[in-house]
Amino acid sequence: MLQRISSYLTKQLPRISLECITTKRGRGAFPDIERPEYPRHYMLDTGNVCNLRCPFCQTGKKVGGVNRGLMTRDSFDVIIDKIGVHAKFISMVNWGEPFLNKDLLYFASRCNALGIRTHIDSNLSTKYWSEEEAERIVTSGLNSILGSIDGTTQETYSRYRVGGDLGMALHNLNILRAARERLHLVKPFVGWAFYINKFNEHQINDARAMAKDLGVDIWFKLLSCDDPSWHSKYHFLPGDPVLATPEWVPSIYPDWRAQSIVDTPLHPILPGVCVLPFSFMVINWNGDVYPCDVVYGEQFKLGNLLTQNIDEVWFGQEYVKCRSFLRNYGPQQESGSVCQNQPCPVAKKWLY
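Enquirer: Would you mind showing me how to read the overall build of the protein chain here?
Expert: Counting its regular elements, the protein chain contains 14 helices and nine strands. A compact globule built from 352 residues would reach a C-alpha radius of gyration of about 20 Å, and the protein chain, at 21 Å, matches this within 12%. Considering only C-alpha atoms, the protein chain reaches an extent of 60 × 45 × 40 Å along its principal axes. Classification of the 352 residues of the protein chain by burial places 53% in the buried group. Accessible area of the protein chain: about 15800 Å², with a carbon and sulfur share of 53%. Here the protein chain contributes 38 positive and 36 negative side-chain charges, whose respective centroids are spaced 4 Å apart.

Enquirer: Help me understand the sheet that holds strand S6 (residues 217–222) in this model?
Expert: Strands pair in a sheet through their backbones, by hydrogen bonds, and they do so in one of two ways: parallel or antiparallel. Across the sheet, which stays open at both edges, the nine strands sit in the order S6-S5-S4-S3-S2-S1-S7-S8-S9 with mixed pairing between neighbours. Among the strands making up the open sheet, the edge pair consists of S6 and strand S9 (303–304). Pairing geometry for strand S8 (residues 288–290) and S9, over two bridges, is antiparallel. The residue bridging aspartate 288 from the neighbouring strand is asparagine 304, located in S9. Strand contacts of helix H3 (residues 73–83): strand S1 (41–44), strand S2 (89–91) and strand S7 (280–283), with the helix running at about 170 degrees to S1, the strand carrying the most contacts. Running at roughly 155 degrees to strand S5 (residues 189–196), helix H7 (residues 166–182) makes contact with strand S4 (144–148) and S5 of the sheet.

Enquirer: Would you take a moment to explain the pairing of S6 for this structure?
Expert: With six bridges connecting them, S5 and S6 associate as parallel partners. Bridge assignment links alanine 193 to a residue of S6, and that residue is tryptophan 219. Considered for its hand, the β-α-β crossover made up of S5, helix H8 (residues 204–214) and S6 is right-handed.

Enquirer: Explain the environment of cysteine 274 here, please?
Expert: By the secondary structure assignment, cysteine 274 is in the loop between helix H10 (259–263) and helix H11 (276–279). Residue cysteine 274 is classed as buried on the basis of its relative accessible area, which comes to 7%. If sequence neighbours within four positions are ignored, cysteine 274 has contacts with Leu266, Leu326 and Val346.

Enquirer: Would you mind going over helix H4 (residues 104–113) with me for this structure?
Expert: Structurally, the α-helix is built with 3.6 residues per turn, so residues lying three or four positions apart point the same way. Listed as buried for H4 are Leu104, Phe107, Ala108 and Cys111. Buried residues of H4 fall within an arc of 95 degrees about the axis and therefore sit on the same side. Against the buried residues of H4 lie H3, S2 and strand S3 (117–122). Positive backbone phi, at 80 degrees, marks glycine 115, one or two positions downstream of H4.

Enquirer: How should I be thinking about the nonpolar core in this particular structure?
Expert: Most often, soluble globular proteins have nonpolar side chains that are buried together. Grouped together as the largest cluster of nonpolar side chains are 82 residues, with contacts concentrated most on Ile83, Ile90, Leu176, Trp192, Met281, Ile283 and Leu305. At seven residues, the largest contribution of residues to this core is made by H7. If we ignore the near neighbours within four places in the chain, the residues touching isoleucine 90 are Tyr42, Leu44, Ile80, Ile83, Cys111, Ile116, Arg117, Thr118 and His119. Counting 10 residues, the second largest nonpolar core, distinct from the first, contains Leu52, Cys57, Trp95 and Trp230.

Enquirer: Just checking my understanding: could you explain the pattern of salt bridges for this structure?
Expert: Pairing of side chains with opposite charge becomes possible as their charged atoms draw close. The tally for this structure, following the rule as stated, stands at 14 salt bridges. Between lysine 102 and aspartate 103 there is a salt bridge whose closest N-O contact spans 3.5 Å. Exposure remark for lysine 102: the relative accessible area of 75% places this residue in the exposed category.

Enquirer: Can you walk me through the packing of aromatic side chains in this structure?
Expert: Between two aromatic rings, the relevant description is the distance of the centres plus the angle of the planes. Across all of its chains, the model carries 17 aromatic pairs by this definition. Pairing tryptophan 219 with tryptophan 248 gives two aromatic rings, centres 6.1 Å apart and planes at 85 degrees, and the pair type is edge-to-face. With tryptophan 219 in strand S6 and tryptophan 248 in the loop between S6 and helix H9 (249–252), this residue pair connects regions lying 29 residues apart in the sequence. An aromatic cluster is defined as three or more aromatic residues linked by ring pairs; in this entry it consists of Phe56, Tyr160, Phe199 and Trp230. Looking at arginine 323, its charged tip hangs above the ring of tryptophan 314, at a distance of 4.5 Å from the centre. One cation-aromatic arrangement involves arginine 327 over phenylalanine 30; the distance from NZ or CZ to the ring centre is 4.2 Å.

Definitions and cut-offs
Residues numbered from 1 in each chain as written. Predicted model: local features only at pLDDT ≥ 70, side-chain atom pairs only at ≥ 80, totals over all residues. Heavy atoms only, no water. Helix = DSSP H or I, 4+ residues; strand = E, 2+ residues; numbered from the N terminus. Rg over C-alpha atoms; globule rule 2.2 N^0.38 Å. Buried < 20%, exposed > 50% of the residue type's maximum accessible area, 1.4 Å probe, protein only. Areas by Shrake-Rupley, 256 points an atom, 1.4 Å probe, with all protein chains shown as cover. Lys, Arg positive; Asp, Glu negative; His and termini not counted. Charge placed at Lys NZ, Arg CZ, Asp CG, Glu CD. Pairing = 2+ DSSP bridges. Contact = heavy atoms within 4.5 Å. Axes fitted to C-alpha atoms, helices over the stretch in contact; angles between N-to-C directions. Right-handed = clockwise from strand over helix to strand, strands pointing away. Arc of directions from axis to C-beta. Core = buried A, V, L, I, M, F, W, Y, C linked by side-chain atoms within 4.5 Å. Salt bridge = Lys/Arg side-chain N within 4 Å of Asp/Glu carboxyl O. Phe/Tyr/Trp six-rings, centres within 6.5 Å; stacked < 30°, edge-to-face > 60°. Lys NZ or Arg CZ within 6 Å of the ring centre and 35° of its normal.

This is the structure we're talking about:
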């Protein structure tokens, strides 16, 4: 999808406009290349392991060459002590299932004590929770939980959530909502994320009705995949009302973009994930830091927050090279950055 969009835009944008953009964006023209404001929002992966085998997830596919594990309390304490003074929001998930980490609620409670909002996405299919377990979860300090449930029948649901149990996921979604209401709590927000694909698009109305019966809000999103055999009709209808972002979403995902990105956006061909090196820090379970949340592997590592302080990483040369490449995008460069040199959503590394 990103490759097709890039190809389309490359053909449509006049060459002269690209030259003008590049001329104005000379090296060093943007102070946020070397000294961006500290990130307020973070993605802190509590572990890149999962009990499911989703076919388009690198964890589900068991992609090799990736160090896998779960974040420990000691590692979390070291990292939160370094980022806590800056952090306003932490998404505690990236490439794994957060409820597989037995210390997840400890992480949430520490963030809550520091006034940091937290969010997780979960398959909600690790075990059937009791009322007592649900109460521990909703009183942990988590601000929001979205259950990823892509179907209303086991057959359809497990087409993508391979190894998942639909009955368990719906039970856990319901028991979390009930526990929050029983305890008269304002948070966490409990919602349903339904990723649309060719094999579940016929169940959208059923899912909407089921969510209403459960008393939770539902968000329909497109399943991101590069296999056209999985594309639903909505993959070709991005403006369809079904895909409208619910009004409650900004309350879960606050605007994390750095002001420099708001005032001066990156090149129009670059995908949205490319603003992350200016605004957002992605931290692996072992402290490794990455430029965005769609890449993985040692080759993308920019630093490590267990062995370095935040200044050494955020203002370090590896981050600087990534930002320079993105800010000066257009002509061929030799930035030496992982964004330029490694396969990622920037499929076309220069335009001319």
